[in-house]
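This is what each chain is made of:
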Amino acid sequence: MPRKPYGPRRREYLNNIPKYSIAVASDLSGVPQQQLRRMEESGLITPQRTDGKTRRYSDDDMTQIAEVGDLANEGINAAGILYIRRLRAEMEALRAENEALREQLAALRDASQATQDQRNE
């Protein structure tokens, strides 16, 4: 039987698994349950739901709760937090695209240099 992958891909997968009830998420994050419900109503977090409609929070959700809490502690309202998080996601996507373009450019430069070297021989 093949072994399950370890490393970042494995951890990313595990981070998405909903495993904490609202009570446990509240205890771990230090955020009251009612505030977690309000965060969900505002669209700041989106915990998954069981078939019985019970909220389940993943490690990624816990990270988002901490991020929202930090921004709220800085005095930013829900609309501002949504905007900031959207901008951060867009920035990360643009950084990834930029990195991919840099890699393509480097590959094209290498190919061009190789062609130049062949012509000069």
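Preceding block: the structure.
Quick caveat, the model's predicted, so the values are computed rather than measured.

On to the overall build of the protein. Helix and strand content of the protein: 5 helices and 2 strands. Written out in order from the N terminus, the α and β elements of the protein read α-α-α-β-β-α-α. The C-alpha atoms of the protein give a radius of gyration of 22 Å, which is well past the 14 Å a tight globule of 121 residues would have. For the C-alpha atoms alone, the extent of the protein along its principal axes is close to 75 × 50 × 25 Å. The proportion of buried residues among the 121 residues of the protein is 20%. In the structure as shown, the protein presents an accessible area of about 9300 Å², 50% of it carried by carbon and sulfur atoms. Across the protein, 19 positive and 19 negative side-chain charges occur, with their mean positions spaced 7 Å apart.

Moving on: helix 2 (residues 22–29). Where helix 2 is concerned, the buried positions are Ile22, Ala25 and Ser26. For helix 2, the angular spread of the buried residues around the axis is 100 degrees, confining them to a single face. Facing away from the buried side of helix 2 by over 90 degrees, the exposed positions are Asp27 and Leu28. The elements touched by buried residues of helix 2 are helix 3 (33–41), strand 2 (55–56) and helix 4 (59–73). Remark: Gly30 follows helix 2 within two positions and exhibits a positive phi of approximately 80 degrees.

Take the nonpolar core next. Residues Ala25, Leu36, Met39, Ile45, Tyr57, Met62 and Ile65 are the most contacted members of the largest nonpolar core, which totals 14 residues. Taken together, the elements giving at least two residues each to this core come down to helix 2, helix 3 and helix 4. In terms of residue count, the dominant contributor to this core is helix 4 (4 residues). Residues contacting Met39, with those up to four places away along its chain left out, are Val31, Leu44, Ile45, Ile65, Val68 and Gly69.

Where helix 4 contacts helix 5 (residues 78–120), the axes come no closer than 10 Å and their chain directions differ by 125 degrees. One element, helix 4, and the other, helix 5, form an angle in the oblique class. The element helix 4 and its partner helix 5 pack so that their crossing is right-handed. In contact with Gln64, Glu67, Val68, Leu71 and Ala72 of helix 4, helix 5 contributes Ile81, Ile84, Arg85 and Arg88.

Further remarks concern unusual backbone geometry. Despite not being glycine, Lys53 has its phi angle at roughly 70 degrees, a positive value. When you line up the elements, Lys53 lands in the loop between strand 1 (48–49) and strand 2. Given a relative accessible area of 60%, Lys53 falls into the exposed group.

Quick notes on the rules
Residues numbered from 1 in each chain as written. Predicted model: local features only at pLDDT ≥ 70, side-chain atom pairs only at ≥ 80, totals over all residues. Heavy atoms only, no water. Helix = DSSP H or I, 4+ residues; strand = E, 2+ residues; numbered from the N terminus. Rg over C-alpha atoms; globule rule 2.2 N^0.38 Å. Buried < 20%, exposed > 50% of the residue type's maximum accessible area, 1.4 Å probe, protein only. Areas by Shrake-Rupley, 256 points an atom, 1.4 Å probe, with all protein chains shown as cover. Lys, Arg positive; Asp, Glu negative; His and termini not counted. Charge placed at Lys NZ, Arg CZ, Asp CG, Glu CD. Arc of directions from axis to C-beta. Contact = heavy atoms within 4.5 Å. Core = buried A, V, L, I, M, F, W, Y, C linked by side-chain atoms within 4.5 Å. Axes fitted to C-alpha atoms, helices over the stretch in contact; angles between N-to-C directions. Parallel < 35°, antiparallel > 145°, perpendicular 65-115°, else oblique. Left-handed = near helix turned anticlockwise from the far one by under 90°.

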